[in-house]
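What follows is the residue order along each chain.
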Amino acid sequence: MADQTKVKELIAKCLQARDMAYCPYSRFPVGAALLTADGSVVTGCNVENASYGLTLCAERTAVQRAVAEGHRRFTAIAVTCDIKDRFVGPCGACRQVLMEFGSEWAVYLTRPDGSYKETSLGELLPLAFCQAHLEKEPMAGSP
Ligand code: THU
């Protein structure tokens, strides 16, 4: 759990990021803001495509951008959309992509008025497949 000032900043930035969403097909804007271990905030929005399947979610846009800028350690993410009466969680694909960078970070499901519910990646994706499962013994006969 990040300190309250940082949480407020994260919430404000994910709301701003949602305004940048490129979503002419779904008209469902999403914003995300990642908090890195060094205290920086990296944002993302959904970027849709005419060939629908190439659409990138806000959370994954933020992760790709953060990694490209040199960040690999994250402590929290805030996510928001336009739904006012519920806390909406990241889609399954985004949960898996976030899991690549650990399970012990906070996820703030944020409503348009700035209210939020805190959960964690481990809670959102229990028993996840991750890097550790690939650390196996070499196959018999391999050099
Ligand atoms: N979307 C996200 O950006 N994040 C999610 O976790 C779920 C869905 C986007 C993808 C698409 O542009 C729109 O929301 C409707 O699915």
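Residues numbered from 1 in each chain as written. Predicted model: local features only at pLDDT ≥ 70, side-chain atom pairs only at ≥ 80, totals over all residues. Heavy atoms only, no water.

## Looking at the overall build of the chain
Moving on, step 1. A count of helices and strands for the chain gives four helices and five strands.
Moving on, step 2. A compact globule built from 143 residues should have a C-alpha radius of gyration of about 15 Å, and the chain, at 16 Å, falls within 12% of that.
Moving on, step 3. C-alpha atoms of the chain, sized along the principal axes, occupy 60 × 40 × 30 Å.
Moving on, step 4. The burial tally for the chain puts 38% of its 143 residues in the buried class.
Moving on, step 5. Taking contacts inside the chain between residues at least 6 apart in sequence as the whole, the part at least 24 apart equals 62%.
Moving on, step 6. Within the structure as shown, the chain displays about 8400 Å² of accessible surface, and the carbon and sulfur contribution to it stands at 55%.
Moving on, step 7. Across the chain, the centroid of the 15 positively charged side chains sits 4 Å from that of the 16 negatively charged ones. (Helix = DSSP H or I, 4+ residues; strand = E, 2+ residues; numbered from the N terminus. Rg over C-alpha atoms; globule rule 2.2 N^0.38 Å. Buried < 20%, exposed > 50% of the residue type's maximum accessible area, 1.4 Å probe, protein only. Contact = heavy atoms within 4.5 Å. Areas by Shrake-Rupley, 256 points an atom, 1.4 Å probe, with all protein chains shown as cover. Lys, Arg positive; Asp, Glu negative; His and termini not counted. Charge placed at Lys NZ, Arg CZ, Asp CG, Glu CD.)

## Quick look at the site of the ligand
Moving on, step 1. In the vicinity of the ligand, the residues found are S26, F28, V30, N46, E48, T55, C57, A58, E59, P90 and C91.
Moving on, step 2. A distance of 2.9 Å separates an oxygen atom of the ligand from a polar atom in the backbone of A58.
Moving on, step 3. E59 is positioned such that a nitrogen or oxygen atom in its side chain is 2.7 Å from an oxygen atom of the ligand.
Moving on, step 4. Protein contacts shield 76% of the accessible area of the ligand, which totals 370 Å² for the unbound molecule.
Moving on, step 5. Because more than half of its atoms lie within 2 Å of the grid, the ligand is assigned to the largest pocket.
Moving on, step 6. Here the residues of the shell around the ligand are counted per class, giving six nonpolar, three polar and two charged. (Near = heavy atom within 4 Å. Polar contact = N/O pair within 3.5 Å; in protein donor to acceptor, adjacent residues only side chain to side chain. 1 Å grid on protein atoms, 1.4 Å probe; cavity = no way out; pocket = protein on both sides within 12 Å on 5 of 7 lines; lining within 4 Å. Sits in = over half its atoms within 2 Å of the grid points. Nonpolar A, V, L, I, M, F, W, Y, C, P; charged D, E, K, R; others polar.)

## Quick look at the pattern of salt bridges
Moving on, step 1. Following the criterion strictly, the structure yields six salt bridges and no others.
Moving on, step 2. A salt bridge links R18 to D19; its shortest N-O distance comes to 3.9 Å.
Moving on, step 3. A relative accessible area of 58% places D19 in the exposed class.
Moving on, step 4. Residues R18 and D82 are paired through a salt bridge, measuring 3.1 Å at the closest nitrogen-oxygen approach. (Salt bridge = Lys/Arg side-chain N within 4 Å of Asp/Glu carboxyl O.)

## Some words on a nonpolar patch on the surface
Moving on, step 1. Taken together, Y22, Y25, V47 and Y52 make up a surface patch of nonpolar side chains, about 430 Å² in accessible area.
Moving on, step 2. Mapped onto the secondary structure, Y52 falls in the loop between β2 (41-45) and α2 (58-68). (Patch = residues over 30% accessible without salt bridge, like charges linked within 9 Å, V, L, I, M, F, W, Y side chains within 5 Å.)

## Looking at the side chain of E48
Moving on, step 1. Position of E48 relative to the elements: it lies in the loop between β2 and α2.
Moving on, step 2. One buried charged residue, E48, forms no salt bridge at all, with the nearest opposite charge on R27 at 8.2 Å.
Moving on, step 3. Within polar-contact distance, the side chain of E48 engages the backbone nitrogen of Y25 at 3.1 Å.
Moving on, step 4. The contact partners of E48, leaving out residues within four places of it in the chain, are Y22, C23, P24, Y25, S26 and T55.

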